[in-house]
Amino acid sequence: MSLASQIAANLPFLRRYARALTGSQTTGDAYVREMLEGALADEELKASLAGGRVPLYRAFGKLWASASAAMAAVPADGTATSEHEAGAQARLGIITPPARQALLLTTLEDFTIPEAAAILETTPEAVAALVAEAIAEIDREQSTAVLIIEDEPLIAMQLEDLVTGLGHTVSGTAATRTQARAAVAEAMPGLVLADIQLADGSSGLDAVDDILSVGSMPVIFITAYPERLLTGDRPEPTYLVTKPFQEATVRAAISQALFFGSTRPL
């Protein structure tokens, strides 16, 4: 497989990681674009991208870590272009960049601890410690009420158990767009977990649009068809979990969403 094909196959997921890392689709995509443009001008960097996901994420991580260090030395100027970026600026200082990377790599991106260590160019023991550090910081966030939009009963039950286990409450569950509207009419959630393909053929995307038209809260999409949302043709959700999911991935996404306090998909 050519280098271009390798990068193209992994690009939607690298963009997802960049968005979660920065808290902004615009900023995340800008970092990815900068890395790719740098590879076109630097043969050594270009060659380092070969070999699949690990080298691609390692090169991106170096760029982001360098930029984060530079930004940390400059006071925020208050010119964030969106509420998401403003939220990120207000909260990113809580978690060190390496800990944030370690958490996202091992949960959202499903790398093993050794793979994450290779990406971050450190030891597996150091990665495990960084993940623990990040979780401890994020778990200090206040609990909230969660609406679960999911048409598969067993998955809905699994998500309920996970949510309550994290100290949150379930404001309601819905298997259709209509049920989601009714649930929000009864109780406004502070977070929404939503599938995109619902029981009666209705769309979880439309259900979320309905909810966001009357309130503001973070949204996490949990779907077996992530490619339908990672097209680049429309604003994409920052928080996107692929089925079948690992509970650790959903826990991390919930923590991340509450950490940034995003009010709608980016």
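**Considerations on helix 9 (residues 153-165)**
Move 1: Between the first and last C-alpha of helix 9 there are 18 Å, a value that for 13 residues agrees with the 18 Å anticipated at 1.5 Å per step.
Move 2: Those residues of helix 9 not exposed but buried are Ile155, Ala156, Leu159, Leu162 and Val163. The arc that holds every buried residue of helix 9, seen down its axis, measures 125°, which confines them to one face. Facing away from the buried side of helix 9, by more than 90 degrees, are the exposed residues Pro153, Leu154, Asp161 and Gly165.

**Re the pairing of strand 2 (residues 169-174)**
Move 1: Sheet topology note: the strand 1 (residues 145-149)/strand 2 ladder contains 5 bridges and is parallel. When the sheet's bridge partners are listed, Ile149 is paired in strand 2 with Ala174.
Move 2: Where the polypeptide runs from strand 1 across helix 9 and back to strand 2, its parallel neighbour, the crossover connection is right-handed.

**Side note on the sheet that holds strand 4 (residues 219-223)**
Move 1: Reading across the sheet, the 5 strands line up as 2-1-3-4-5 and stay open at both edges, with parallel pairing between neighbours. Two strands bound the open sheet, and with one partner strand each, they are strand 2 and strand 5 (240-242). Shown here is a sheet whose adjacent strand axes are inclined to one another by a mean of 20°, direction ignored.
Move 2: Pairing geometry for strand 3 (residues 191-194) and strand 4, over 3 bridges, is parallel.

**Remarks on the pairing of strand 4**
Move 1: Among the 5 residues of strand 4, 5 are classified as buried, and the element is accordingly described as predominantly covered.
Move 2: The alternating pattern of strand 4 places Val219, Phe221 and Thr223 on one face and Ile220 and Ile222 on the opposite face, and all of these are buried.
Move 3: Handedness of the strand 3-helix 11 (residues 204-212)-strand 4 crossover: right-handed.
Move 4: Relative to strand 5, strand 4 runs parallel, the two being bridged by 3 bridges. Considered in strand 5, the bridge of Thr223 is made with Thr242.

**Thoughts on the environment of Ala47**
Move 1: If you trace the backbone, Ala47 turns up in helix 3 (residues 43-48).
Move 2: Remark: the alpha-carbon pair of Ala47 and Leu3, spanning 44 residues in sequence, is separated by 8.6 Å.

**Observations concerning the pattern of salt bridges**
Move 1: Inspection of every chain in the model, using the stated rule, returns 11 salt bridges.
Move 2: One salt bridge connects Arg15 with Asp29, and the closest N-O pair in it is separated by 3.0 Å. Linking Arg15 in helix 1 (residues 3-22) with Asp29 in helix 2 (residues 25-41), this pair joins segments that are 14 residues apart in sequence.
Move 3: For Arg15, a relative accessible area of 13% corresponds to the buried category.
Move 4: Accessibility expressed as a relative area gives 14% for Asp29, which makes it buried.
Move 5: Across the pair Glu152 and Lys243 runs a salt bridge whose closest N-O atoms are separated by 4.0 Å. On the criterion of sequence distance, the pair formed by Glu152 in the loop between strand 1 and helix 9 and Lys243 in the loop between strand 5 and helix 12 (247-260) is long-range, its members being 91 residues apart.
Move 6: Lys243 sits in the buried class, given a relative accessible area of 13%.
Move 7: When salt bridges with common partners are traced through the structure, they connect Glu150, Glu152, Asp195 and Lys243 into a single cluster.

**Some details on the environment of Leu36**
Move 1: As for its position among the elements, Leu36 is in helix 2.
Move 2: In this structure, the C-alpha to C-alpha distance between Leu36 and Lys46, residues 10 residues apart in sequence, is 8.3 Å.
Move 3: Setting aside residues no more than four positions away along its own chain, Leu36 makes contact with Ile7 and Leu11.

**Some points on the packing of helix 1 against helix 6 (residues 97-106)**
Move 1: The interhelical angle for the contact between helix 1 and helix 6, taken along N-to-C directions, is 140°, at an axis separation of 10 Å. As judged from the angle between their axes, helix 1 and helix 6 are oblique. Handedness of the crossing formed by helix 1 with helix 6: right-handed. Taken together, the residues of helix 6 that come into contact with helix 1 (itself represented by Tyr17, Ala20, Leu21 and Thr22) are Arg100, Gln101, Leu104 and Leu105.
Move 2: Counted by class, the contact of helix 1 with helix 6 contains 5 nonpolar, 2 polar and 1 charged residues.

**Focus: the side chain of Asn10**
Move 1: Within the fold, Asn10 resides in helix 1.
Move 2: Here Asn10 falls in the buried class, since its relative accessible area comes to 13%.

**Let's talk about the confidence of the model for the protein chain**
Move 1: On average, residues of the protein chain carry a pLDDT of 83, and 81% of them reach 70 or more.
Move 2: With pLDDT under 50 throughout, residues 71-81 is counted as low confidence; its partners more than four residues away or in other chains account for 5 contacts.

Conventions we followed
- Residues numbered from 1 in each chain as written.
- Predicted model: local features only at pLDDT ≥ 70, side-chain atom pairs only at ≥ 80, totals over all residues.
- Heavy atoms only, no water.
- Helix = DSSP H or I, 4+ residues; strand = E, 2+ residues; numbered from the N terminus.
- Expected span 1.5 Å × (residues − 1).
- Buried < 20%, exposed > 50% of the residue type's maximum accessible area, 1.4 Å probe, protein only.
- Arc of directions from axis to C-beta.
- Pairing = 2+ DSSP bridges.
- Right-handed = clockwise from strand over helix to strand, strands pointing away.
- Axes fitted to C-alpha atoms, helices over the stretch in contact; angles between N-to-C directions.
- Salt bridge = Lys/Arg side-chain N within 4 Å of Asp/Glu carboxyl O.
- Contact = heavy atoms within 4.5 Å.
- Parallel < 35°, antiparallel > 145°, perpendicular 65-115°, else oblique.
- Left-handed = near helix turned anticlockwise from the far one by under 90°.
- Nonpolar A, V, L, I, M, F, W, Y, C, P; charged D, E, K, R; others polar.
- pLDDT = per-residue confidence, 0-100.

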